[in-house]
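Chain and residue survey
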Amino acid sequence: MIQAVTTAAAQQVIDFWFTELTAKQWFAKDTELDQQIQSRFSTLLTQVSQGECWQWRQSAPGRLAEIIVLDQFSRNIYRDSAQAFAQDAMALVLAQEAVALQQDKLLPPEQRAFLYMPYMHSESAVIHQQALALFAQPGLENNYAFELKHKDIIDRFGRYPHRNALLGRTSTAAEERFLAQPGSSF
């Protein structure tokens, strides 16, 4: 049976992420939360990744919900696997379109930060130049500090070394030294 993906589902994503969770939970590694997101949203992740929720893009919150599913929920659902990053390109394109349409300006800073997160997750130096400008906006100062750290890694290595093992990439000696440092992985 085909289940229609309604805009109400987009609101459920927004409510879950910004109301049910705390800011501390957004970036913590928590197996219980990962299982909860998988249980509640794995089917939705499949639908979003197949482009079935395109109608959500008509509103800024709907587009944000689509990006959260692709960029955040995928990291929870597929933690410690290459699949965690499989939706990054689509999330980035959706974020770029939102910025081009100025939908980002319709969101409060806390939500805008997650609309911009695919820029931060990119392994492209060109994209990080754009990310700097986006995260430099008032209300996003904390996120800007993290973007600077992410950009520094991309500038040094051209990629995120902490993804190498999961993505089957061989780390260079410089990357191995970097990964041995405390706090090198996000």
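Our subject is the structure listed above.
In what follows, the accompanying structure is described. (Residues numbered from 1 in each chain as written. Predicted model: local features only at pLDDT ≥ 70, side-chain atom pairs only at ≥ 80, totals over all residues. Heavy atoms only, no water.)

Some remarks on the overall build of the chain
- When its secondary structure is counted, the chain shows 10 helices and 0 strands.
- When its helices and strands are written in sequence order, the chain yields α-α-α-α-α-α-α-α-α-α.
- Relative to the 2.2 N^0.38 estimate, which gives 16 Å for 186 residues, the radius of gyration of the chain is 16 Å and therefore close to what a compact globule would have.
- Each principal axis of the C-alpha atoms in the chain carries an extent, and together these give about 50 × 35 × 30 Å.
- A fraction of 60% describes how many contacts in the chain between residues 6 or more apart in sequence connect residues 24 or more apart. (Helix = DSSP H or I, 4+ residues; strand = E, 2+ residues; numbered from the N terminus. Rg over C-alpha atoms; globule rule 2.2 N^0.38 Å. Contact = heavy atoms within 4.5 Å.)

A short note on the packing of helix α1 (residues 7–20) against helix α6 (residues 109–121)
- The geometry of α1 relative to α6 is characterised by a closest axis approach of 12 Å and an angle of 115 degrees between their N-to-C directions. Relative to α6, α1 is oriented so that their crossing is right-handed. Only E110, Q111 and F114 of α6 make contact with α1, whose side of the interface consists of I14, W17 and F18.
- For the contact of α1 with α6, the class distribution of residues is 4 nonpolar, 1 polar and 1 charged. (Axes fitted to C-alpha atoms, helices over the stretch in contact; angles between N-to-C directions. Left-handed = near helix turned anticlockwise from the far one by under 90°. Nonpolar A, V, L, I, M, F, W, Y, C, P; charged D, E, K, R; others polar.)

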